[in-house]
Amino acid sequence: LQAGTTVTVLDDFSSGHRSNLAPHPDLIVVEGDVRDPAILDTAMTGIDTVFHLAASAGNKRSIDDPLTDSDINVMGTLRLLLAARDKGVRKVVASSSAAVYGELQGLPIGEDHRLAPQTPYASSKIAMENHALAFADLFKMDVVCLRYFNVYGQRQRFDPYGNVIPIFANRLFAGEPITVFGDGEQTRDFVHVDDVVAANLAAARTTGISGTYNIASGTQVTVNVLAQMMVAAVGGREPILYAPERAGDVRHSLAASGAARQAFNFAPQVGLGAGIPRYIKWL
Ligand code: UD1
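Everything quoted here is computed from the prediction, not taken from an experiment. Each residue is numbered by its place in its chain's sequence as written, counting from 1. Only residues with pLDDT of at least 70 get local features here, since the model is predicted, and only at 80 or more are side-chain atom pairs given and counted; chain-wide, interface and lining totals rely on the full set of residues. The side-chain quantities take in all heavy atoms of the structure and omit both hydrogens and water.

## Some remarks on unusual backbone geometry
For residues other than glycine, phi is negative in most cases, and the peptide bonds are mostly trans.
Part 1 of the reasoning: Note that the residue after Leu107, namely Pro108, is joined by a cis bond; omega there is -15 degrees.
Part 2 of the reasoning: Each helix is a run of DSSP H or I of at least 4 residues and each strand a run of E of at least 2, with the numbering of both proceeding from the N terminus. By secondary structure assignment, the location of Pro108 is in the loop between strand S4 (91-97) and helix H4 (120-139).
Part 3 of the reasoning: Residue Arg155 is not a glycine yet carries a positive backbone phi of 75 degrees.
Part 4 of the reasoning: Mapped onto the elements of the fold, Arg155 is located in the loop between strand S6 (150-152) and helix H5 (164-173).
Part 5 of the reasoning: Phi angles above zero are rare outside glycine, and Asn265 is one such case at about 60 degrees.
Part 6 of the reasoning: By the element assignment, Asn265 lies in the loop between helix H8 (258-264) and helix H9 (272-282).

This is the structure:
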């Protein structure tokens, strides 16, 4: 909207909040399900670029309900691609996940790392990537899949399937202890939402780069260190508790993000040191 374009949002508001979308004369909001071809047809009319973020997100959720996970992530994506093709959309930027790699074979993880899904979510993201890339090939569509590592930041929702940073922050604000799963020495590559937005825009604006790219900070932090940073940022005095390791968790994660830099000049700007206080302030 800031760039002066018209934006249509298709969302079923199953996560996130409608109130995040401030009214704007050039903003159209279509409420509906990405699996509904009629809604997709409406939303896709006159569209040049699609940012496909609709998903059932998360490993734990997919273990609890694998059918819904694949229905949304695989069939929803396929329907979206069909609508995009039929409406002559120029570019699709699709959101994938680092979960596709499973347990890492070596650090850092490049895009050519083997794919070894450990959860239905990881499998569904691999399937949606493959559909997207097949469409790029078959129908000469410009399609980019972005494999996000652990995204966090302002407006991130907090629910039972939420991610670690919103969970820790909300518990600490409520004066409750936080729980680390396993020994806390597992690592993650946290990428701030502002960097993810920048990556989406850069990928959309660059033509001829159909393919799959890691979107990450390129830095690694243990969950123990993250927990300490969160306690310090909130100023809490709550104890850090430990619980058994979570099913489907990978041990380590760290991205090589050179491919995105080379293809569309993506360079992450927001480290955890700046990003956590920004999130806490918003919350
Ligand atoms: C995974 C994917 C990520 C994907 C996300 C979707 C990997 C490396 N990352 O994130 O790309 O977008 O799913 O949801 O596969 N934890 C605690 N205590 C808590 C909550 C979590 O210790 O209360 C720990 C988890 O055990 C894990 C880490 O924090 O080690 C991060 O967990 P979470 O935020 O759920 O994300 P991932 O499952 O790593």
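What follows picks up the thread again.
## A look at the site of the ligand
Part 1 of the reasoning: Taken together, 23 residues lie near the ligand, and Val164, Thr179, Phe181, Arg188 and Asp249 sit nearest.
Part 2 of the reasoning: Within the side chain of Gln186, an N or O atom sits 3.1 Å from an oxygen atom of the ligand.
Part 3 of the reasoning: Polar contacts, as counted here, are pairs of nitrogen or oxygen atoms within 3.5 Å of one another; within protein the pair requires one atom able to donate a hydrogen and one able to accept it, and residues that are adjacent in sequence qualify only if both atoms are side-chain atoms. Between the ligand and Arg188 there is a distance of 2.5 Å, counted from an oxygen atom to a side-chain nitrogen or oxygen.
Part 4 of the reasoning: Classification convention: Asp, Glu, Lys, Arg as charged; Ala, Val, Leu, Ile, Met, Phe, Trp, Tyr, Cys, Pro as nonpolar; all other residues, Gly among them, as polar. Here the shell around the ligand is built from residues that sort into 12 nonpolar, 8 polar and 3 charged. It suffices for a single heavy atom of a residue to lie within 4 Å of a molecule or strand for the residue to be listed as near it.

## Here we look at the pattern of salt bridges
Part 1 of the reasoning: Should a side-chain nitrogen of Lys or Arg be within 4 Å of a carboxyl oxygen of Asp or Glu, the pair is scored as a salt bridge. If you walk through the whole model with that rule in mind, you get 12 salt bridges.
Part 2 of the reasoning: The residue Asp142 makes a salt bridge to Lys91 at a minimum N-O spacing of 3.5 Å. Of this pair, Asp142 sits in strand S5 (residues 142-148) while Lys91 sits in strand S4, and the two are 51 residues apart along the sequence.
Part 3 of the reasoning: Using a relative accessible area of 11% as the deciding quantity, one classes Asp142 as buried.
Part 4 of the reasoning: In this scheme, a residue with accessible area under 20% of its type's maximum is buried, one over 50% is exposed, and one in between is partly exposed, where area comes from a 1.4 Å probe on protein chains only. With a relative accessible area of 0%, Lys91 lands in the buried category.
Part 5 of the reasoning: Several salt bridges converge on common partners, so that one network encompasses Asp33, Arg35 and Asp71.

## Some words on the nonpolar core
Part 1 of the reasoning: Counting 21 residues, the largest nonpolar core has Met44, Val50, Leu80, Val89 and Val92 as its most contacted members.
Part 2 of the reasoning: Contributing elements (two or more residues each) for this core: helix H1 (37-44), helix H3 (66-86), S4, H4 and S5.
Part 3 of the reasoning: If one sorts the elements of this core by residue count, H3 sits on top with 6 residues.
Part 4 of the reasoning: Apart from the residues within four sequence positions on either side, Leu80 is in contact with Val34, Leu40, Met44, Val50, His52 and Val92.
Part 5 of the reasoning: Of all hydrophobic cores here, the second largest spans 20 residues; its members include Tyr152, Leu226, Val234 and Leu272. Here, nonpolar core means buried Ala, Val, Leu, Ile, Met, Phe, Trp, Tyr and Cys residues that are tied together by side-chain atoms lying within 4.5 Å of each other. Throughout, a contact is declared for two residues whenever any of their heavy atoms are within 4.5 Å.

## Notes on the pairing of strand S7 (residues 178-181)
Part 1 of the reasoning: Burial along S7 is one-sided: the face carrying Ile178 and Val180 is buried and the face carrying Thr179 and Phe181 is not.
Part 2 of the reasoning: Two strands form a pair only when DSSP identifies at least two bridges running between them. As paired elements, S7 and strand S12 (residues 240-243) share 4 bridges and run parallel to each other. Each residue of the ladder has a partner; that of Phe181, found in S12, is Ala243.

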